[in-house]
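Structural characterization, general
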Amino acid sequence: MEPGQEPAVGMVCAGAAEPRGDGCGDERPAWDNKVQYLLSCIGFAVGLGNIWRFPYLCQTYGGGAFLIPYLIALVLEGIPIFYIELAIGQRLRRGSIGVWMAISPYLGGVGLGCLTVSFLVSLYYNTVLTWVLWYLLNSFQYPLPWSSCPLDLNRTGLEAECQASSPVSYFWYRQTLNITADISDNGSIQWPLLACLAASWAVVYLCVVRSIESLGKAIYFTALFPYLVLTIFLIRGLTLPGAVKGLIYLFTPDVQILQNPRVWLDAATQIFFSLSLAFGGHIAFASYNPPGNNCEKDAVTIALVNSMTSLYASIAVFSVLGFKAANNHGRCLDRNILHLINAFDFPEQSISRDDYAAVLMHLNTTQPERVARLPLEVCHLEDFLDKSASGTGLAFIVFTEAILHMPGAPGWAVLFFGMLFTLGLSSMFGNMESIITPLLDMGIMRRSVPKEVLTGLVCLFCFLSAICFTLQSGNYWLEVFDNFAAPLNLIIFAFFEAVGVAYVYGMRRFSDDIACMTGRRPGLYWRLTWKVVSPLLLLTIFVAYIAVLAWTPLSYRAWNTQYARFPSRQEKSYPGWVQATCVLLCFLPSLWVPAVALVQLLTKRRRKQDPWQDRCLKLQDRGAS
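All values reported here derive from a predicted model rather than from experimental measurement. Note that residues are indexed from 1 along each chain, following the sequence as it is written. It should be noted that, the model being predicted, local features are given only for residues of pLDDT at least 70 and side-chain atom pairs only at 80 or more, the latter also being counted only at that level, while totals for whole chains, interfaces and linings use all residues. By convention in this description, side-chain values take in all heavy atoms of the structure and omit both hydrogens and water.

**Here's the deal with empty space enclosed by the protein**
To keep things clear, this is the line we draw: Throughout, the protein atoms alone are placed on a 1 Å grid, and a set of points is a cavity if a 1.4 Å probe fits but cannot get out or a pocket if it is open with protein on both sides within 12 Å along at least five of seven lines; lining residues have an atom within 4 Å of a point. Grid points are joined across faces, edges and corners, and a volume is the space filled by probe spheres set on the points. Only runs of H or I of at least four residues qualify as helices and only runs of E of at least two qualify as strands under DSSP, and these elements are numbered from the N terminus. Note on residue classes: Ala, Val, Leu, Ile, Met, Phe, Trp, Tyr, Cys and Pro are nonpolar, Asp, Glu, Lys and Arg are charged, and everything else, Gly too, is polar.
Scanning the entire structure with this criterion turns up 2 cavities of 30 Å³ or more. Lining of the second largest cavity is provided by Ile-51, Leu-230, Phe-233, Ala-316, Val-317, Phe-399, Phe-416 and Met-419. Elements that contribute at least two residues to the lining of the second largest cavity include exactly helix H11 (212-238), helix H15 (295-344) and helix H20 (409-442). Residue composition of the lining of the second largest cavity, grouped by class: 8 nonpolar, no polar and no charged.

Pasting the structure below:
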């Protein structure tokens, strides 16, 4: 039967043979139980972005108002595409390459593209875990190494760079990254980071060495431990002064901001990447399910758990950040109070923080000239709450500084970085399955070669490829990969997934498959989103994303101690060769789609020109079956 031809109702369940799960004909492995599968999917979907990107977007785009476009994107884009991946993986019982080759040989490039993106993402994602591991190891000491500035080389004073910035920033940019001032200056390999990189890849290998047989055991800890730590931080954070102000600031809705198109674009892309769509990992995980598993229920459950985790993490994170902001606001007031006491000869402790505003107003009225000469700072709590960040800035600077102000800081640091490591590790399981499962299905190695060897070779190759991120310029290159390697490619692949299933595989055929697996055919909501809404929404996101890339200058922010406005980071344009690399990363994985389709088309034309060869191939296929 041709890929686009639709069978009669019931034919899929009653008459079609189950496709083989791998290239060797071995029986496909299976999950020990349903909990392992659900935790693996949740662990893959719930990653670092739920902790350090969603709270930032929610705070930046109108607090509670951001949830409106977020939930709309979840319903119209996230859950439908997620359901497609789970259903098609479970039905065809193959990895991403095998699934799309089975649907249509012309779509084989989608699977290869997913594998390529997963490889590129694994390189820099595990590098982030390298930094987390480095901070985790440095957390087992008191005081924490980023709590104060170190002595200079002459041991006569403190490091000038640290004094000009802060101990937290100095530990991150100088003692951890030892970063260069320009992306063109690669610098040397940072050996402590290289050792942590090797350790991170060793941990990943030990967990995925036997695919779901080993990661299914590790996932109980890596998926559940972050929830335990988030709960601990939430309980502790809500008892800290300023926590409520942080949460009010986070969720106070600003409906006017919804008029900004960028809010809707960021909400749609956040849902997309938060669920880890189009990587191929969920297809791989679902391929190990029994054919009768209710994948519809799984898709809705996992998607809702992922979104609720983002909200839960936001409350925990901003309760602590609210405490940090209140602490810094109080210190700002104390410095101003000290200036007033010294300038006007007030008694010690005669002005409290609560009285500061009234005293200042009185002095401005009675002695404005003397007040104007004082170096008073502007102390608004909102300004300190605005100093939140996303990504590594939140994890290694903002939140790390907040931990310093908490009693028992080393213990909280161990919990925080331990949570980030297990959170990222469970996402790495999905990334590695996106690579290893298709390779196993393709049968690229002999049956006599153990699965552990292929897994080891993949991890070793990834480790060697990621060494470039341990250079002094590694952080700049990680930002390049993070910004350009995945986003556009994943949008393209998700679009082809929706179109491939709805129009190439056939909606009727797909509905029959779902009826076979779940016991009922998909309703109007599913069929409408698969055929119309999701493809159109993805196409709109693609166009909008291209427009944003075209209008946004290709630049980066460098840590340059010679910059006039240091410690602010210097805005620099990427050199031409780096800009070319950015463009290449944007489209390279997607080039698999037209390349494979062209090869298939040329092969088909060649067979038409040589009918005897085509007849021989058909006879060989019959003999094999």
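That shown, we press on.
**Describing the side chain of Gln-270**
Where we set the bar: It only takes one pair of heavy atoms within 4.5 Å for two residues to be counted as in contact.
Residue placement: Gln-270 occurs in helix H13 (residues 261-274). Ignoring any residue separated from it by four or fewer positions in sequence, one finds Gln-270 in contact with Gly-49, Arg-53, Phe-54, Leu-57 and Tyr-70.

**Considering the state of the cysteines**
The cut-off we apply is this: By disulfide we mean two sulfur atoms from cysteines, separated by a distance within 2.5 Å. Between buried and exposed lies partly exposed: a residue is buried under 20% and exposed over 50% of the maximum accessible area for its type, with that area taken using a 1.4 Å probe on protein chains only.
Summed over all chains, the structure comprises 2 disulfides. Paired by a disulfide, Cys-149 and Cys-162 hold their sulfur atoms 2.0 Å apart. Torsion about the S-S bond of the Cys-149 and Cys-162 cystine: about -85 degrees, corresponding to left-handed handedness. Pair noted here: Cys-149 is in the loop between helix H7 (108-138) and helix H8 (160-164) and Cys-162 is in helix H8, with a separation of 13 residues, a long-range link. For Cys-149, a relative accessible area of 17% puts it in the buried group. Two residues share a disulfide in this structure: Cys-332 and Cys-379, whose sulfurs sit 1.8 Å from each other. Disulfide Cys-332 to Cys-379: torsion about the S-S bond roughly -75 degrees, handedness left-handed. With Cys-332 in helix H15 and Cys-379 in the loop between helix H17 (368-372) and helix H18 (381-385), this residue pair connects regions lying 47 residues apart in the sequence. Residue Cys-332 shares its accessibility class with Cys-379, and that shared class is buried. Each bonded cysteine of the protein is numbered by sequence order, and under that numbering the disulfide pairs are 1-2, 3-4. Note on Cys-459: no disulfide assigned, nearest cysteine sulfur contributed by Cys-462 at a separation of 6.4 Å.

**Thoughts on the side chain of Ser-427**
Relative to the helices and strands, Ser-427 is located in helix H20. Under the relative-accessibility criterion, Ser-427 is labelled buried at 3%.

**Structural notes on the UniProt feature "binding site: Na(+)" (unreviewed entry) in the protein**
Filter applied, for reference: UniProt positions are given in the numbering used here, feature names are shortened, and annotations may be inferred rather than shown by experiment. By the criterion applied in these results, polar contacts are pairs of N or O atoms within 3.5 Å in which, for protein atoms, one can donate a hydrogen and the other can accept it, and in which residues neighboring in sequence qualify only through two side-chain atoms.
The positions UniProt marks with the feature "binding site: Na(+)" (unreviewed entry) are Gly-43, Ala-45, Val-46, Asn-50, Ser-274, Asn-306, Leu-423 and Ser-427. In terms of the greatest pairwise C-alpha distance, the residues named above, spread along 385 residues, form a tight cluster of at most 12.9 Å across. Relative to the helices and strands, Asn-50 resides in helix H3 (residues 48-52). Classification of Asn-50 as buried rests on a relative accessible area of 2%. A distance of 3.0 Å separates the side chain of Asn-50 from the backbone nitrogen of Gly-47, its partner in a polar contact. Along the chain, the position of Leu-423 falls in helix H20. Taking relative accessible area as the criterion, Leu-423 reaches 4% and is therefore assigned buried. Not counting chain neighbours up to four residues away, the residues in contact with Leu-423 comprise Gly-43, Val-46, Gly-47, Leu-48, Ile-51, Thr-222 and Pro-226.

**Comments concerning the pattern of salt bridges**
Which entries qualify depends on this criterion: Note on definitions: salt bridges are taken to be side-chain nitrogens of Lys or Arg within 4 Å of carboxyl oxygens of Asp or Glu.
Scanning the entire structure with this criterion turns up 14 salt bridges. Lys-451 is paired through a salt bridge with Glu-213; the nearest N and O atoms lie 4.0 Å apart. Within this pair, whereas Lys-451 is found in helix H21 (residues 451-465), its partner Glu-213 is found in helix H11, the two being separated by 238 residues in sequence. By relative accessible area, which is 33% here, Glu-213 ends up partly exposed. The partner of Glu-479 in a salt bridge is Arg-569, and the shortest N-O contact between them spans 3.6 Å. You can see Glu-479 sitting in helix H22 (residues 474-484) and its partner Arg-569 sitting in the loop between strand S1 (555-558) and strand S2 (570-573), a full 90 residues away along the chain. Taken together, the shared-partner salt bridges in this structure form one network comprising Arg-210, Glu-213, Lys-451 and Glu-452.

**A short note on the nonpolar core**
Generally speaking, soluble globular proteins have nonpolar side chains that are buried together. Applied cut-off: Throughout this description, the term nonpolar core refers to a set of buried Ala, Val, Leu, Ile, Met, Phe, Trp, Tyr and Cys residues connected via side-chain atoms within 4.5 Å.
Of all hydrophobic cores here, the largest spans 178 residues; its most connected members are Trp-201, Phe-417 and Met-432. Top element by residues in this core is H7. It accounts for 18 residues. Those residues in contact with Met-432 that lie beyond four places of it in its chain are Ser-122, Trp-201, Val-204, Val-208, Val-458 and Cys-459.

**What to know about helix H2 (residues 34-45)**
Inclusion rule: Working rule for helices: expected span equals 1.5 Å times residues minus one.
End to end, H2 covers 17 Å across 12 residues, agreeing with the expected 16 Å (1.5 Å per residue, within 8%). Here H2 has its buried residues at Gln-36, Tyr-37, Leu-39, Ser-40, Cys-41, Ile-42, Gly-43, Phe-44 and Ala-45. In this structure Asn-33 caps H2, since a side-chain oxygen of it lies 3.1 Å from the backbone nitrogen of Val-35.

**Quick word on unusual backbone geometry**
Most peptide bonds adopt trans geometry, and most residues besides glycine take a negative phi value. The omega torsion of the bond from Tyr-142 to Pro-143 falls at 0 degrees, within 30 degrees of zero and hence cis. By secondary structure assignment, the location of Pro-143 is in the loop between H7 and H8. With an omega dihedral of 20 degrees, the bond running from Phe-566 to Pro-567 counts as a cis peptide bond. Summarising the element assignment, Pro-567 is placed in the loop between S1 and S2. At Asp-345, a position not held by glycine, the phi torsion is positive, near 55 degrees. In this structure, Asp-345 sits in the loop between H15 and helix H16 (356-366). Positive phi is not limited to glycine here, since Gln-349 has a value of about 60 degrees. Mapped onto the fold, Gln-349 is located in the loop between H15 and H16.

**Side note on a nonpolar patch on the surface**
Convention followed: Only residues whose relative accessible area exceeds 30% and that take part in no salt bridge are eligible for patches, with like-charged residues grouped when within 9 Å of each other and nonpolar side chains (Val, Leu, Ile, Met, Phe, Trp, Tyr) grouped when within 5 Å. Under the convention used here, a 1.4 Å probe and the Shrake-Rupley method define accessible areas, while residue burial counts only the protein chains that appear.
Taken together, the side chains of Tyr-503, Leu-524, Leu-528, Val-532, Leu-536, Leu-539 and Val-543 make up a nonpolar region of the molecular surface, amounting to roughly 670 Å² of accessible area. It is helix H24 (residues 524-551) that provides the largest number of residues to the nonpolar patch, a total of 6 residues. Along the chain, Leu-524 falls in helix H24. The class for Leu-524 is exposed, based on a relative accessible area of 58%.

**Section: the environment of Phe-272**
Of note, Phe-272 is situated in helix H13. Relative accessible area serves as the criterion here: at 1%, Phe-272 is assigned to the buried category. Distance in space between the C-alpha atoms of Phe-272 and Ile-81 is 9.1 Å, their sequence separation being 191 residues. Ignoring sequence-local partners within four residues, the contact set of Phe-272 consists of Glu-77, Leu-277, Ala-278, Leu-490, Ile-491, Ala-494 and Leu-538.

**Details of helix H6 (residues 96-103)**
Taken across its 8 residues, H6 has 6 buried, putting it largely inside the fold. All of the buried residues in H6 are Ser-96, Ile-97, Gly-98, Val-99, Trp-100 and Ile-103. The secondary structure elements touched by the buried residues of H6 are helix H5 (67-92), H7, helix H14 (281-286), H20 and helix H23 (487-518).

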